[in-house]
Each structure stands twice: as C-alpha cells, then as structure tokens.
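# Chains, contacts and geometry: an overview
Here's the letter readout for the chains.
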Amino acid sequence: MNCDDVRILLHGHLDGELGVLLDLEIEQHLEECPNCAREFATLRAMRTRLRDETFRFEAPPELKEKIRRALPQAPPRANGYASRRSGFVPRAIQFAVPLAVGAMLALFIAPRALRPNENDVLAREVVASHVRSMMGSHLMDVASTDQHTVKPWFNGKLDFSPHVTDFAKQGFPLVGGRLDYVDERPVAALVYQHGKHVINVFMWPSAGTATSAERIQPEQGYNVEQLMVAGMNCWVVSDLNQTELKAFTELIRAHG
Amino acid sequence: MPDSSKDADFDRIFLPHMDAAYNLARWLVRDDHDAQDVVQDAYLRALRFAGGFRGGDPRAWILAIVRNTAFTWLKRNRGSNSPAEFDESLHHGDIADAGLEADAVRSADATMIRDALNELSEEFREVIVMRDIEGLSYKEIANAADLPIGTVMSRLARARGRLAKSIKERITREST
C-alpha cells in the first residue's frame, strides 16, 4: 500500500470505519512511514480538539420550550380510531385515511366539489396562524388578563369590535390578544390559556347564520372548532384535547 | 401497523435530539437567532413528515431535515450555492500540504479553530460537524447529508485538509 492510498484511508481508520483487515494494513504502514504517521497524529489531534464540548452548541432553553409548546400534545381521545394513545406513525395514518377518502370522494362527486372546501382552507389557515403564534415571539400584541383592556385595544385597528370575555373562573383565563390576518382580512386573535395549553380564538364578522359549533378535522394534530356567535365567525385552535376544547367553545357561545 | 413498540411519540423520539439539531444548524448558518428559526422550521417539517420515518436512527433523520432546511435558508437569505453546485474538485489540499503539526493543533486557540471551521464552505463544514463534533457514522452522514456512502470519506478527507490549512495559516499569521 502506498502513501497516496493511505492518505485518504487514514480518515476511515481514524473514524473506525474500515474494518479489521484494512486497519491492520494501515497500522503497519504507519509504523514504516513517518510522513503518514505524522499526518495521522495531526488528524487525531484535530479530532480530539473538535470533540471538546466548547465546540458543541447547546440548544437554548427558550428554543426547547418554544418547540415543545408548538408541537401538538396527545391526539384527541374522544372518538373511534383516534382514541388510542397513539404514536406519530399511526397519527400520520389518521390523517392519511380521511385524506384518501376525501380524494376518492372528490373524484366521484360533482366537479364543483373538487374545489377545496372553504372551511378546510380556513382550518389550515388558522392552524398555520396558531403555530406561527406559538413559535415566534408574536403570541400577543396586548398582554392582559383584563377583558376591559383587551377589547378597547382593538379599537381603530379593526373595523369591528370583537367579543372579549375572560373565562378565568371557568379555568380558561384570557391572557391577551393580537391582530392577525385570516381569510384575506385582518381579524382579532384572542389568546386564552388552559394549564400549559394555549388557545387561539380567531374572530371576524360574517354573514353566516349557523350557530352550532362544528368540529373540523384535526389539522397537524391541533384541534379546531368553528362557530358563529352573534354575527362573528369564530375559529378556535389549540393542542388541547377535543373534549376540553369543546367545553371552551361552549363558553364562548354562551357568552357571545 | 402495530404501535405497541412505536407508541413512543414524536416528542419522546425527536425532542432529545434538539441539541444535535441546533448544533448543526448553528454551525451551518452561523447565527444563534437564524439557527433557532431553522430548527423550529425543521421540527415542524419533521412532524409533518413523521410518517416517513421508518425507524432507524432518529438523530440522523432529524439532522437530514435540519440540514436541508438550513441549506434552503442559506440559499434564500445569503444566496449561497446549493449543494448540487458545489464542486469538490476545486478544493484541493490534504493534511500533508497544510504542514500542520499535532502539537500546534493541541496548543491552538479554540477561537482560532472555530474561525477556521466557520470559514470552510458549508459542504465541508457540515461533514466535520456531523463526524467530529456530533459523532455520526459514515452511513449516518451519507443519509443526513445526502451523499453516496462512498463519498463521505473523501469529502471528510478534503474538509479536514482544508481545515488544517486554515488553522496553519492562522497560526502563521499570528506569530508574525
């Protein structure tokens, strides 16, 4: 084996990637060849230095916290196939099945059904907004648990006045609000908390009349509820489990 | 798919590798804030594509996503070359050419080594970070960095050669 062959193999040797036979050959060469031996010593010294902890960046705690909060908690427990405490692989299948069924329906139903359902589009939008609000530093423009502070804050920023009620007594304290943009218009986003979970309520006026809360298919593991309250289209998004989110939605309806 | 063995969920499998993810992102984009953005984005993507994870090493899997996210970010924000345009043959030099002695490495300033590593092209930097700092095997590097396994060793050899040269130059500059 000559030095040119060895020169590259030195790296595999250093990294323990060559296998016994080649390792032996290399070592034999290193005993006979001072140049290659010197090179190997340098390589080894470099590796030792780089392994030192000073060269490894540790994720800042706030990043870990942000990501932990943004990832959905355990999937909804209330119904059928989603009820197992399932891992992410089955969770992916949970989405795949409705998707596949949806795709098949789309093929057979009248052409206008091929247009994506408006609610599906909105659900995706509000979930994306929710995720962004959790990840960035932009969860709230106005941080206050006082509904009498949050509500006036929206004055002049929106062409409507959102319903703002604190549900602290019921276990869902209001923590703030912000301006957001959904459905091609500025909307009010109210932020509530329940334990460690954050709930975003997106609200904008709408001519729709339906009043029953509609549960939208979970998006990326988040639960989404939609309801009409006194002329307002309300979308509720959280990683909170479905039952509790439903309870929260009922509060909003009752106080609308 | 039975999930008894897989009921460990996403959080438990991938969150422990956040340090590795951040370390790689931080070395690639060279900025704390940008690295945090890259890691967040990568974790969301990972969550979306978790169905594509077929067991194996979750660290290499998440690092592959971090790496792609970082390169996309670099291309968009700093107009850097995509990996496909990277021409390895333009980067010659091995340890012997560098003339760097082991003793010099041992006594070199940590800042000097860090600067030298930061100066390498991203394609060289990533293999050194994956192998020497993060301790990935060649196979894992091949998966994470999207390289043929046969290329990993030669890429590493060139990268380390460049690094040695850069360290040597810094030592020389400082001593004059």
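Residues numbered from 1 in each chain as written. Chains lettered and ligands numbered in written order. Predicted model: local features only at pLDDT ≥ 70, side-chain atom pairs only at ≥ 80, totals over all residues.

### Observations concerning the overall build of chain A
Our working rule: Helix numbering and strand numbering both begin at the N terminus, where a helix is a DSSP run of H or I of at least 4 residues and a strand a DSSP run of E of at least 2. Once C-beta atoms are placed from the backbone, each residue is buried if 20 or more other C-beta atoms lie within 10 Å of its own, exposed if 12 or fewer, and partly exposed for counts between those two. It is the C-beta atoms, placed from the backbone, that decide contacts: two residues are in contact if theirs lie within 7 Å.
Scanning chain A from N- to C-terminus turns up eight helices and seven strands. Scored against the burial criterion, the 256 residues of chain A give a buried share of 35%. Sequence separation of at least 24 residues holds for 53% of the intrachain contacts in chain A that already meet a minimum separation of 6.

### Some details on the overall build of chain B
Along the backbone of chain B there are 10 helices and zero strands. In chain B, the order of α-helices and β-strands from amino to carboxyl end is α-α-α-α-α-α-α-α-α-α. Among the 176 residues that make up chain B, the fraction classed as buried is 47%. Counted over contacts in chain B with a minimum sequence separation of 6, partners at least 24 positions apart contribute 73%.

### Regarding the sheet that holds strand S1 (residues 142-143) of chain A
Residues and elements named next belong to chain A. Selection rule: Two strands qualify as a pair provided DSSP detects at least 2 bridges between them.
Ordered by their spatial adjacency, seven strands build an open sheet running S1-S2-S3-S4-S7-S6-S5, and the pairing between neighbours is antiparallel. With partners counted over all chains shown, the strands left at the sheet margins are S1 and strand S5 (214-219), one partner each. As judged from the eight bridges shared by strand S2 (residues 174-182) and strand S3 (residues 185-194), these two strands associate in the antiparallel manner. Residue pairing in the sheet places Tyr181 in a bridge with Pro186 of S3.

### Details of the packing of helix H3 (residues 32-48) of chain B against helix H4 (residues 58-78) of chain B
The description of two packed helices rests on the angle between their axes and on the distance between the axes. Residues and elements named next belong to chain B. Counted only if it meets this: Between N-to-C directions, angles cover 0 to 180 degrees, with each direction set by a line fitted to C-alpha atoms, over the stretch in contact for helices. Each angle gets one of four labels, with under 35 degrees taken as roughly parallel, over 145 as roughly antiparallel, 65 to 115 as roughly perpendicular, and the rest as oblique. Left-handed describes a crossing whose near helix is turned anticlockwise from the far helix through less than a right angle; right-handed describes the clockwise counterpart. Charged means Asp, Glu, Lys or Arg here, nonpolar means Ala, Val, Leu, Ile, Met, Phe, Trp, Tyr, Cys or Pro, and polar covers whatever is left, Gly included.
Here H3 crosses H4 at 125 degrees, and the two axes come no closer than 9 Å. Taken together, H3 and H4 sit at an angle that is classed as oblique. Considering the relative orientation of H3 and H4, their crossing is right-handed. Each of Asp34, Val38, Val39, Asp41, Ala42, Arg45 and Ala46 in H3 lies in contact with H4, whose residues at this interface are Ile62, Ile65, Val66, Thr69, Ala70 and Trp73. Split by residue class, the contact of H3 with H4 holds nine nonpolar, one polar and three charged.

### Quick look at the pairing of strand S4 (residues 197-205) of chain A
Residue and element names in this part refer to chain A. The element S4 is extensively covered by neighbouring structure, given that seven of its nine residues are classed as buried. As judged from the seven bridges shared by S3 and S4, these two strands associate in the antiparallel manner. What sits directly across from Tyr192, in S4, is Ile199. What sits between S3 and S4 in their antiparallel hairpin is a turn of two residues, with Gly195 showing a positive phi close to 60 degrees. In this structure, S4 lies alongside strand S7 (residues 232-238), joined through seven bridges in antiparallel fashion. What sits directly across from Trp204, in S7, is Asn233.

### Details of the pairing of S2(A)
Residue and element names in this part refer to chain A. In terms of strand pairing, S1 meets S2 through two bridges, oriented antiparallel. Considered in S2, the bridge of Ala143 is made with Gly176. Turn length for the S2-S3 hairpin, with the two strands adjacent in sequence and antiparallel, is two residues, and the turn residue Asp183 shows positive phi of about 55 degrees.

### Looking at the confidence of the model for chain A
Residue and element names in this part refer to chain A. Spelled out, the test is: Across the chain, each position has a pLDDT score giving the predictor's confidence in that residue, from 0 to 100.
Confidence along chain A averages 80 in pLDDT terms, with 79% of residues attaining 70 or more. Least confident of the elements in chain A is helix H5 (residues 88-108), whose mean pLDDT is 55; most confident is helix H3 (residues 34-51), at 95. Every residue in residues 74-87 is under pLDDT 50, and counting partners more than four places away or in other chains gives 26 contacts. For residues 108-115, every residue scores under 50 in pLDDT, and the model assigns this stretch two contacts once sequence neighbours within four places are set aside.

### Observations concerning helix H6 (residues 118-135) of chain A
This is how it is decided: For a helix, the expected span equals 1.5 Å multiplied by the number of residues minus one.
For H6(A), which comprises 18 residues, the first-to-last C-alpha distance of 26 Å matches the rise-based estimate of 26 Å (1.5 Å per residue) to within 8%. Ala123(A), Val126(A), Val127(A), Ser129(A), His130(A), Val131(A), Ser133(A), Met134(A) and Met135(A) are the residues of H6(A) that are buried.

### Digging into the confidence of the model for chain B
All names here are of chain B. Residue-level pLDDT values for chain B average 84, and 82% of them are 70 or greater. For chain B, the element scoring lowest by mean pLDDT is helix H5 (residues 95-98), at 72; helix H2 (residues 18-29) scores highest, at 96. Segment residues 1-8: pLDDT under 50, and 13 contacts once partners within four positions in sequence are set aside and those in other chains are kept. Reported for the predicted complex are a pTM of 0.57 and an ipTM of 0.87.

### With respect to the packing of H2(B) against helix H8 (residues 122-133) of chain B
All names here are of chain B. The N-to-C vectors of H2 and H8 enclose an angle of 150 degrees; their axes lie 10 Å apart at closest approach. Relative to H8, the element H2 lies roughly antiparallel. Considering only the axes of H2 and H8, their crossing is right-handed. From H2, Asn23, Leu24, Trp27 and Leu28 reach across to H8, where they touch Glu122, Arg125, Glu126, Val129, Met130 and Ile133. Its residues assigned to classes, the contact of H2 with H8 comprises six nonpolar, one polar and three charged.

### Considerations on the environment of Phe154(A)
All names here are of chain A. By secondary structure assignment, the location of Phe154 is in the loop between helix H7 (147-153) and S2. On the basis of neighbour counts, which here come to 22 C-beta atoms within 10 Å, the residue Phe154 falls in the buried class. Separated by 35 residues in sequence, Phe154 and Ala189 have C-alpha atoms that sit 9.9 Å apart. When sequence neighbours within four positions are dropped, the list of residues in contact with Phe154 reads Ser161, Pro162, Gly177 and Ala188.

### As for the environment of Glu25(A)
All names here are of chain A. In this fold, Glu25 is placed in helix H2 (residues 20-32). Among the residues examined, Glu25 registers 16 C-beta atoms within 10 Å and is labelled partly exposed. Expressed as a C-alpha distance, the spacing of Glu25 and Val6, which sit 19 residues apart in the sequence, is 9.3 Å.

### Notes on unusual backbone geometry
At Ala230(A), a residue that is not glycine, the phi angle is positive and equals roughly 45 degrees. Secondary-structure assignment places Ala230(A) in the loop between strand S6 (222-229) and S7.

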